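The primary structure of each chain is shown beneath.
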Amino acid sequence: MRYWRKRHEGLDLEAELRAGRPEPASEFVHRLEARVRNDGSRFRAGSLRVAFVGALTAVMLLAVASVGGVGYASSAAEDAAVSVKRIVTPNDVITVLKRSPAIDQYKKPKAKKVKKAKKAKKQGKGTKGRVRARTRPPFTG
Amino acid sequence: MLRRDPLADPAPLIKRVYAYAAYRLGDGADAEDATSETFERAVKYRKSYDPRKGEPVAWLLGIAKRCIDGGWSKAEFPTQDVDSVDTTDLEEETLRRLMISRAVAALDERDRELIALRYGADLTAREIAELLGARTNAIEVALHRALGRLRGILGVDETEPVRKRGASR
């Protein structure tokens, strides 16, 4: 300290601190740099790969779209969906579309109208538990 | 979109992180260990680097600070008794560096950290403020006081003859 005080009165300390900044050994810097770069190349390769795949996909889409491939692909997909639906859906009801005299002759009888009968039944049921109003005395002969 | 690699050019970053670590821990093996540890963590978490939050050096110094605060803060600062050094054997420059290193070691932890960030890692007061979560004004005042204390330890006059323009950006 004595030596310092004697020689460096009024020194620019900030400049000294900057100039006297500790520096690492070059061997240490090279070693650490190599390690970081090795890991970095893996990092860069990964992101480059992703970018390449993205670019390739975009180029292919553009090429296909320019010759109407998108519409073609969508219609093909639609057809495939229809075929699958046909296979998967149960289809045991046979519908005969052809009309013939036999069908006209022996066609299924129309369902009878049971409305009236039902009404009558209802009325009968309805009177069962009720006391019928008498307008005149019953005939006794 | 390609992500920006914060460690694309590691050599200057290694030097700055090392200078910071050396001002805090002393020049030598501890500073090298802290620097290695910092870069190991940086490589591991390089995807977490966000360029919007600052330059890669500030990000690395944040990691270095956590490394040192967590593991090395109680380590003994290696110093050499300069009075016992034979001045005829050493050049004046080397002796001056030793003196400064010893004076920095005598500062308290907070002052040493500020000196390390400002003169070791070469950050501006604003960058230090961002890193430490303080106001730029407060950092400038704290740095001024730390320098004053360093001058006191070195026995240098408070009145500096030549102050370089823009020295304290």
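Just so it is clear, the structure is predicted and the values come from calculations on it, not from any experiment.

With respect to the overall build of chain A
- A tally of regular secondary structure across chain A gives six helices and zero strands.
- Listing the helices and strands of chain A from first to last along the sequence gives α-α-α-α-α-α.

Points about the overall build of chain B
- A tally of helices and strands in chain B yields seven helices and zero strands.
- Ordered by position from the N terminus, the helices and strands of chain B form the series α-α-α-α-α-α-α.
- Across the 169 residues in chain B, those meeting the buried criterion constitute 37%.

What about the packing of helix α4 (residues 92-106) of chain B against helix α7 (residues 136-154) of chain B?
Residues and elements named next belong to chain B.
- One way to put it is that α4 packs onto α7 with a least axis distance of 9 Å and a crossing angle of 120°. Taken together, the axes of α4 and α7 are oblique relative to one another. The crossing of α4 and α7 is right-handed. Between α4 and α7, the residues in contact are Met 99, Ala 103, Val 104 and Ala 106 and Leu 150, Ile 153 and Leu 154, respectively.
- A breakdown of the residues in the contact of α4 with α7 according to their chemical character gives seven nonpolar, no polar and no charged.

Notes on helix α6 (residues 125-132) of chain B
Residues and elements named next belong to chain B.
- For α6, every residue scored as buried is listed here: Ala 125, Glu 127 and Ile 128. Along the long axis of α6, the arc covered by the buried residues comes to 160°, so they all point the same way.
- Backbone geometry just downstream of α6 places Gly 133 in the positive-phi region, at approximately 70°.

A few points about the packing of helix α1 (residues 10-25) of chain B against helix α5 (residues 109-120) of chain B
All names here are of chain B.
- Two elements in contact, α1 and α5, have axes whose closest approach is 8 Å; the angle formed by their N-to-C orientations is 150°. Relative to α5, α1 is oriented roughly antiparallel. Relative to α5, the crossing made by α1 is right-handed. Residues Ala 19, Tyr 20, Ala 22, Tyr 23 and Arg 24 of α1 form the contact with α5, whose participating residues are Arg 112, Glu 113, Ile 115, Ala 116, Leu 117 and Gly 120.
- For the contact of α1 with α5, a count of residues per class yields seven nonpolar, one polar and three charged.

A closer look at unusual backbone geometry
- Positive phi outside glycine occurs at Asp 122 of chain B, with the angle close to 60°.
- Secondary-structure assignment places Asp 122 of chain B in the loop between α5 and α6.

Quick word on the nonpolar core
Residue and element names in this part refer to chain B.
- One finds Val 17, Tyr 20, Ala 21, Ala 64 and Ile 115 to be the most contacted residues of the largest nonpolar core, which totals 46 residues.
- The biggest single contributor to this core is α1, with ten residues.
- Setting aside residues no more than four positions away along its own chain, Ala 21 makes contact with Ala 31, Ala 34, Thr 35, Ala 64 and Ile 68.

Description of the environment of Ala 21 of chain B
Residue and element names in this part refer to chain B.
- Note on placement: Ala 21 falls in helix α1.
- Given 32 C-beta atoms within 10 Å, Ala 21 falls into the buried group.
- Considering only alpha carbons, one finds Ala 21 and Asp 33, twelve residues apart in sequence, at a separation of 9.2 Å.

Re α5 of chain B
All names here are of chain B.
- Most of α5 sits out of view: nine of its twelve residues are buried.
- Burial in α5 covers these residues: Arg 112, Glu 113, Leu 114, Ile 115, Ala 116, Leu 117, Arg 118, Tyr 119 and Gly 120.
- Where α5 ends, the next residue or the one after it, Asp 122, has phi of about 60°, a positive value.

Considering the confidence of the model for chain B
All names here are of chain B.
- In this model, chain B carries a mean pLDDT of 81, and residues with pLDDT of at least 70 account for 79%.
- Here residues 160-169 is a poorly scored stretch, pLDDT under 50, and it has twelve contacts once near neighbours within four places are set aside; other chains count.
- Scored as a complex, the prediction yields pTM 0.58 and ipTM 0.74.

The rules behind these values
Residues numbered from 1 in each chain as written. Chains lettered and ligands numbered in written order. Predicted model: local features only at pLDDT ≥ 70, side-chain atom pairs only at ≥ 80, totals over all residues. Helix = DSSP H or I, 4+ residues; strand = E, 2+ residues; numbered from the N terminus. Buried ≥ 20, exposed ≤ 12 C-beta atoms within 10 Å, placed from the backbone. Axes fitted to C-alpha atoms, helices over the stretch in contact; angles between N-to-C directions. Parallel < 35°, antiparallel > 145°, perpendicular 65-115°, else oblique. Left-handed = near helix turned anticlockwise from the far one by under 90°. Contact = placed C-beta atoms within 7 Å. Nonpolar A, V, L, I, M, F, W, Y, C, P; charged D, E, K, R; others polar. Arc of directions from axis to C-beta. Core = buried A, V, L, I, M, F, W, Y, C linked by C-beta atoms within 7 Å. pLDDT = per-residue confidence, 0-100.

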